[in-house]
Amino acid sequence: MAVTKLWSVKSNLKQVIDYAINPEKTAADVYTEEQYQALADVLSYAKDEEKTERELYVDTINCNVATARDQFITVKEQYQKTDGIQAYHGYLSFKEQNITPELAQKIGMEFANEIWGNRFQVVVTTHLNTTHLHCHFVVNSVSFVDGKRLWGEEKAWFKFRTVADRICEKYGLYYNPKPNRSKQSSYYYKQEQAGMPTRYTMVREAIDEAIAHSTNLRSFDYALTQMGYEHSLSESRKYWTIVPKGYTKPIRLKNLGEDYTEEAIKRRLMENQRVRIVPFAKQTVVIRQYRLPTREQKIKKVGGLYGLYLHYCYKLGYLPKYKKQNTKRLHYLLKEDLLKLDKITAETRLLGREHIFTDEQLFSYKASLNGQIETLIDDRTHLRKISRTKMSDDELSKVKGQIVSISGKIRELRKEVRLCDDIAERSKVMEQNLETIRAEEEKQERKEQNRYDKRR
């Protein structure tokens, strides 16, 4: 059994309510008021007869099936809370395919009674239109007991699992005693599958590096600290955490995968005790007496916005193209910008093509683009008016071709305008990132220089 989180219903409420109670989804609306449209919508969805076998599996708590919407509204008006969230909508899904609708509805009612039955009006339905039966809940956002809104544990969906599991166990249904609630978002998963660095891959690499030079928790903790990572490996904490560089929100180590749980890390450290481990040491910078000009220094001399973008591309490893990119050596502020490399490349090409080096030149170019767009729109409007007049098929075809051509030009110009807006915004972030990187590199060089002087 799985309980989804509740989601709030602020508008189109009429459709959801009617979906639950009307004989057919295409039936005429029973209510004409627009104020509580969202409430009616959510109830309609929950009580759709096509999915509930002609409302055989529709029940309510603290209200009546036929007048649920009106009773919801009466409570809101009684406590003068008709604005904002109208209701909450959620569902309970069953893993078993052989469960009867009667049992599903019974469990749904028992679940809703325990969670909301003491203070709120609830509509409970069981939908039979999918392989796995599932119960829908529509809960009034205002309590009929004291007029207080639904809040706290009454809408804490992640805590509902314990209630659902207990009821499932009672009726001999499946439940997962140790569910995996640490899955990454699909966005980061897809980026990792494509080989792009994310905050998760950055942290995994750091942990792997620290473990490779450690044989116990103390040395592991020291290695992470020397690498500049904020973390907590306290035995008194329920979860070990680490903060990716450039972020403030910590990540639980167990969320990184099976090899990064507390038990897995301890096991990997124990395995290292059987082999010879090189203690962790920061990479040292070799002090050279003579320094030859580098490509980076040549790029810096370009200056302006175009030079800024070229320098940033160099730091990202995109310049020079013949140089193999090593994402592991990238600064943490730059790694996630690899995900935006296509946009950064397009913006760099625009700056170079139009010879834009200052903000004034950028805004001037954007203004010229907007002027061209307005002119083309006027031309297109004129052609559309002409196309409505009487003319031969050949002439009409020619005019339509011109309209299509102008529309294509407008699209391209609008893309350029968006690039200009992105450059204006991104350039400030680039300057801050490069300044931070430069300061850290200078600090590291000073440390290495001092260490080198002491050895002499």
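Residues numbered from 1 in each chain as written. Predicted model: local features only at pLDDT ≥ 70, side-chain atom pairs only at ≥ 80, totals over all residues. Heavy atoms only, no water.

Next up on the list: the nonpolar core. Ranked by internal contacts, the top residues of the largest apolar core, which has 32 residues, are Tyr312, Leu316, Ile344, Ile356 and Ile423. Elements supplying a minimum of two residues to this core: helix H12 (304-315), helix H14 (341-353), helix H15 (359-387) and helix H16 (393-455). In terms of residues, this core owes the most to one element, H16, which gives 12 residues. Those residues in contact with Tyr312 that lie beyond four places of it in its chain are Leu333, Leu334, Asp337, Ile344, Met430, Asn433 and Leu434. Tyr88, Ala104, Leu133 and Val139 belong to the second-largest nonpolar core, a separate cluster that totals 26 residues. (Core = buried A, V, L, I, M, F, W, Y, C linked by side-chain atoms within 4.5 Å. Buried < 20%, exposed > 50% of the residue type's maximum accessible area, 1.4 Å probe, protein only. Helix = DSSP H or I, 4+ residues; strand = E, 2+ residues; numbered from the N terminus. Contact = heavy atoms within 4.5 Å.)

Quick look at the packing of helix H8 (residues 199-212) against helix H9 (residues 217-226) now. Axis separation between H8 and H9 bottoms out at 8 Å; the angle between their running directions is 130°. One way to sum up the angle between H8 and H9 is to call them oblique. You can see that H8 and H9 cross each other, and the crossing is right-handed. Of the residues in H9, those in contact with Ala206, Ile207, Ala210 and Ile211 of H8 are Phe220, Ala223 and Leu224. For the contact of H8 with H9, the residue count by class is seven nonpolar, no polar and no charged. (Axes fitted to C-alpha atoms, helices over the stretch in contact; angles between N-to-C directions. Parallel < 35°, antiparallel > 145°, perpendicular 65-115°, else oblique. Left-handed = near helix turned anticlockwise from the far one by under 90°. Nonpolar A, V, L, I, M, F, W, Y, C, P; charged D, E, K, R; others polar.)

A few words now on the confidence of the model for the protein chain. Should the pLDDT be low somewhere, the predicted coordinates at that spot are not to be read in detail. Put simply, the protein chain has an average pLDDT of 80, and 79% of its residues get 70 or more. This model gives residues 21-32 a pLDDT under 50, and the stretch forms 33 contacts once residues within four places in sequence are excluded. (pLDDT = per-residue confidence, 0-100.)

What the three strands build is an open sheet, ordered S7-S8-S9; its pairing is antiparallel. With partners counted over all chains shown, the strands left at the sheet margins are strand S7 (230-232) and strand S9 (251-252), one partner each. (Pairing = 2+ DSSP bridges.)

Right, let's talk about the pattern of salt bridges for a bit. Counted according to the given criterion, the structure contains 21 salt bridges. Arg149 is paired through a salt bridge with Asp83; the nearest N and O atoms lie 3.1 Å apart. With Arg149 in the loop between strand S6 (134-140) and helix H6 (160-170) and Asp83 in the loop between helix H4 (68-78) and strand S4 (87-93), this residue pair connects regions lying 66 residues apart in the sequence. With its nearest N and O atoms 3.0 Å apart, the salt bridge here joins Arg353 to Glu354. Each member of the salt-bridge network shares a partner with another, and the members are Arg119, Asp146 and Glu154. (Salt bridge = Lys/Arg side-chain N within 4 Å of Asp/Glu carboxyl O.)

Bringing the pairing of strand S5 (residues 122-127) into the picture now. Within S5, six of the six residues are buried, which leaves the element mostly enclosed by the surrounding structure. On S5, burial covers both faces: Val122, Val124 and Thr126 on one face and Val123, Thr125 and His127 on the other are all buried. As paired elements, S5 and S6 share six bridges and run antiparallel to each other. Bridge pairing in S6 links Val124 to Phe137.

Okay, the packing of aromatic side chains next. This structure, assessed with the given rule, holds six aromatic pairs. Measuring from centroid to centroid gives 5.9 Å for Phe111 and Phe160, while their planes differ by 80°, and the two rings are edge-to-face. Pair noted here: Phe111 is in helix H5 (residues 101-116) and Phe160 is in helix H6, with a separation of 49 residues, a long-range link. Residue Phe111 shares its accessibility class with Phe160, and that shared class is buried. Plain terms: the ring middles of Trp116 and Phe160 are 5.7 Å apart, the flat faces sit at 90° to each other, and that makes the pair edge-to-face. With Trp116 in helix H5 and Phe160 in helix H6, this pair connects stretches of sequence that are 44 residues apart. Each member of the pair, Trp116 as well as Phe160, carries the same accessibility label: buried. By way of ring pairs, the aromatic residues Phe111, Trp116, Phe137 and Phe160 are connected into one cluster. (Phe/Tyr/Trp six-rings, centres within 6.5 Å; stacked < 30°, edge-to-face > 60°.)

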